[in-house]
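Letter by letter, the chains look like this.
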There are 2 protein chains.
Amino acid sequence: MWIAELSRQTDVPVATIKYYLREGLLPAGEAVGATRARYGEAHVRRLKLIRALVEAGGLSLARVRSVLAEVDEESRDLHEVLGAAHGALIPADLTASDESRRRVDALVAERGWRIYSESPDRVFLADAIDALEKVGYHLDDELLKIYASAANEVAEAEVANLPDGDRQRTVEDTVLVTALGGPVLLALRRLAQQNASAHRYGSTQY
Amino acid sequence: MWIAELSRQTDVPVATIKYYLREGLLPAGEAVGATRARYGEAHVRRLKLIRALVEAGGLSLARVRSVLAEVDEESRDLHEVLGAAHGALIPADLTASDESRRRVDALVAERGWRIYSESPDRVFLADAIDALEKVGYHLDDELLKIYASAANEVAEAEVANLPDGDRQRTVEDTVLVTALGGPVLLALRRLAQQNASAHRYGSTQY
């Protein structure tokens, strides 16, 4: 397809597509003559991924570039790529207390989760636990286990639900579901919190 | 306590506290003479709430102001305040397809959730579902139910876990847990996704 059709299919303006091409976020199309190029389904998928990360994920283009670099890392096995792509989704400047790191490691070990060894999600999680503690809210082990169990149910269903496809497609779909499924889960949690608080604190209005 | 002690207890610089006082985000202390004021536990809690919303929640000060206005709305009952405070946490310029709105309403009805009637979380959820559909990922009813069930388990445990306290305290704690518990849940989901993908796609490294 020509760039106009690519724009139509993805709802991304031609000028923005050209910008992504110049920035190397989108691979070049197949050149046809000196000034035209043809694009394919891979470009459609890649553009949707970029827009999802920018618009729904709120990522900067620099961060999107890191995620895409991990997605395109052909030398790693699929599991490593997913872990690394997750890593690129989260801020790099994390610190966390030893206590929270220890709790995270214990939780991962208890659940027997196979985690990409360099995954920054462990530190991210420990940092998030620290943030709760810092405001005086102690996240006890029982509640942490409930979070982990709920997260596991969601993740298993999400991964089971991924369509079969080639490696590139699978990584892209996983990153999309991670980035765009998060808001769905958090919105449902807020609705469920309102329901739980209506039951605990009472309300005539619902 | 004096402002220096308030700063020490909350890790917020004195200059920042003074800025919040000027901006009306933090209520004035009890005046002692012309230039000094005493602060109490309510100020400590309020400062922690502001910092949590700004630092972990990534909210602008304008958005923080909206959340605090809802928290301080004494005329509403507690359940309404929580719904409204949730609303202030999310962007206001949401649109969503009729189809997704209908799915959200059906889900809420099926679960029998009592939701604050003006809660923007319904639209937020419908918009998040639309975002997935737009990138070609269909969130089927079965997966949506799994999200809802997991969200409900988490929310019930979170609300049950809130300490008993006065109305003000309860609202503040709920907003804190909503804002700071989200990253915990999402980090656990990413770790669980890595585990699920290791099982589905195989990996020797973990």
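Reading guide: rules and limits
Residues numbered from 1 in each chain as written. Chains lettered and ligands numbered in written order. Predicted model: local features only at pLDDT ≥ 70, side-chain atom pairs only at ≥ 80, totals over all residues. Heavy atoms only, no water. Helix = DSSP H or I, 4+ residues; strand = E, 2+ residues; numbered from the N terminus. Buried < 20%, exposed > 50% of the residue type's maximum accessible area, 1.4 Å probe, protein only. Areas by Shrake-Rupley, 256 points an atom, 1.4 Å probe, with all protein chains shown as cover. Patch = residues over 30% accessible without salt bridge, like charges linked within 9 Å, V, L, I, M, F, W, Y side chains within 5 Å. Salt bridge = Lys/Arg side-chain N within 4 Å of Asp/Glu carboxyl O. Lys, Arg positive; Asp, Glu negative; His and termini not counted. Charge placed at Lys NZ, Arg CZ, Asp CG, Glu CD. Phe/Tyr/Trp six-rings, centres within 6.5 Å; stacked < 30°, edge-to-face > 60°. Lys NZ or Arg CZ within 6 Å of the ring centre and 35° of its normal. Contact = heavy atoms within 4.5 Å. Buried area = accessible area lost by both parts, 1.4 Å probe. Polar contact = N/O pair within 3.5 Å; in protein donor to acceptor, adjacent residues only side chain to side chain. Nonpolar A, V, L, I, M, F, W, Y, C, P; charged D, E, K, R; others polar. Core = buried A, V, L, I, M, F, W, Y, C linked by side-chain atoms within 4.5 Å. pLDDT = per-residue confidence, 0-100. Least-squares fit on C-alpha atoms with pLDDT ≥ 70 in both. Axes fitted to C-alpha atoms, helices over the stretch in contact; angles between N-to-C directions. Left-handed = near helix turned anticlockwise from the far one by under 90°.

A. Structural view of the overall build of chain A. In terms of helices and strands, chain A carries 9 helices and 2 strands. Order of helices (α) and strands (β) in chain A, N terminus to C terminus: α-α-β-β-α-α-α-α-α-α-α. Projected onto its principal axes, the C-alpha positions of chain A cover 65 × 45 × 30 Å. When the 206 residues of chain A are sorted by exposure, 50% land in the buried category. Of the roughly 9100 Å² of accessible surface on chain A, a fraction of 49% belongs to carbon and sulfur atoms.

B. Broad picture of a negative patch on the surface. Together, Glu153 and Glu156 of chain A together with Glu153 and Glu156 of chain B make up a region of like negative charge exposed at the surface. When contributions to the negative patch are tallied by element, the ones reaching two or more residues are α8 (141-161) of chain A together with α8 (141-160) of chain B. For glutamate 156 of chain B, the location among the structural elements is in helix α8.

C. Representation of the packing of aromatic side chains in the model. Evaluated as defined, the whole model comprises 2 aromatic pairs over all chains. The interplanar angle of 50 degrees and the centroid separation of 6.2 Å between the aromatic rings of tyrosine 19 of chain A and tyrosine 20 of chain A together place this pair among those described as tilted. The ring of tryptophan 2 of chain B is capped by arginine 38 of chain B, whose NZ or CZ atom sits 4.2 Å from the centre of that ring. Taking NZ or CZ as reference, arginine 190 of chain B lies 4.7 Å from the ring centre of phenylalanine 124 of chain A, over its face.

D. Fine view of the interface of chain B and chain A. Between chain B and chain A, the residue contacts involve 85 residues of the former and 85 residues of the latter. Summing both partners gives a buried area of about 8200 Å² for chain B against chain A, and 66% of it is carried by carbon and sulfur. Summed over the shared surface of chain B and chain A, the number is 6 salt bridges. With its nearest N and O atoms 3.1 Å apart, the salt bridge here joins arginine 189 of chain B to glutamate 158 of chain A. The interface formed by chain B and chain A contains 26 residue pairs in polar contact (both at pLDDT 80 or more). Contributing elements (two or more residues each) for the side of chain B that touches chain A: α3 (41-56), α5 (78-89), α6 (98-111), α7 (121-134), α8 and α9 (167-201) of chain B. Element by element, the count of residues in the side of chain B that touches chain A is highest for α9 of chain B, at 26 residues. The class makeup of the residues in the side of chain B that touches chain A is 47 nonpolar, 23 polar and 15 charged.

E. Summary view of the nonpolar core. Grouped together as the largest cluster of nonpolar side chains are 132 residues, with contacts concentrated most on Val184 and Leu188 of chain A together with Val184 and Leu188 of chain B. Valine 184 of chain A has contacts with Leu125, Ala128, Ile129, Leu132, Leu139, Leu144 and Tyr147 of chain B, leaving out every residue within four places of it along the chain.

F. Inspection of the confidence of the model for chain A at higher detail. In the predicted model, chain A carries a mean pLDDT of 86, and 96% of its residues have values of at least 70. With pTM at 0.85, the complex prediction returns an ipTM value of 0.85.

G. Molecular detail of the environment of arginine 46 of chain B. All names here are of chain B. By the secondary structure assignment, arginine 46 is in helix α3. Along the primary structure arginine 46 and glutamate 172 are separated by 126 residues, whereas in three dimensions their C-alpha atoms are 7.8 Å apart. Excluding residues within four positions of it along the chain, arginine 46 makes contact with Leu25, Leu26, Pro27, Leu68, Val71, Asp72, Gln168 and Glu172.

H. Expanded view of unusual backbone geometry. Positive phi, normally seen in glycine, also occurs at aspartate 11 of chain A, with a value near 65 degrees. As for its placement among the helices and strands, aspartate 11 of chain A is situated in the loop between α1 (3-10) and α2 (14-23).

I. Expanded view of the relation of the copies chain B and chain A. The two copies are related by a screw motion: chain B maps onto chain A through a turn of 180 degrees and a shift of 0.0 Å along the axis, at an RMSD of 0.0 Å. Taken together, the rotation and translation relating the two chain copies correspond to the operation of a two-fold axis. Closest to the rotation axis within chain B is the C-alpha of alanine 150 of chain B, separated from it by 2.3 Å. Of all interface residues in chain B, 100% are interface residues in chain A too; the two copies therefore contact each other through one and the same surface.

J. Broad picture of the packing of helix α9 (residues 167-201) of chain A against α9 of chain B. Relative orientation of the contacting elements α9 of chain A and α9 of chain B amounts to 145 degrees, with a least axis distance of 10 Å. α9 of chain B is crossed by α9 of chain A, and the crossing has right-handed handedness. For the pair formed by α9 of chain A and α9 of chain B, the contact residues are Thr170, Val177, Thr178, Gly181, Gly182, Leu185, Leu186, Arg189, Arg190, Gln193 and Tyr201 of chain A on the first element and Thr170, Val177, Thr178, Gly181, Gly182, Leu185, Leu186, Arg189, Arg190, Gln193 and Tyr201 of chain B on the second. Classifying every residue of the contact of α9 of chain A with α9 of chain B by side-chain character gives 8 nonpolar, 10 polar and 4 charged.

K. Spotlight on the pattern of salt bridges. Residues and elements named next belong to chain A. Under the counting rule described, the total for this entry stands at 28 salt bridges over all chains. In this structure, the salt-bridge partner of aspartate 105 is arginine 122, at a minimum N-O distance of 2.7 Å. In this pair, aspartate 105 sits in helix α6 (residues 98-111) while arginine 122 sits in helix α7 (residues 121-134), placing the two residues 17 residues apart along the sequence. On the basis of relative accessibility, which here comes to 25%, the residue arginine 122 falls in the partly exposed class. Among the charged side chains, a salt-bridge network with shared partners connects Arg45, Arg46, Asp72 and Glu172.

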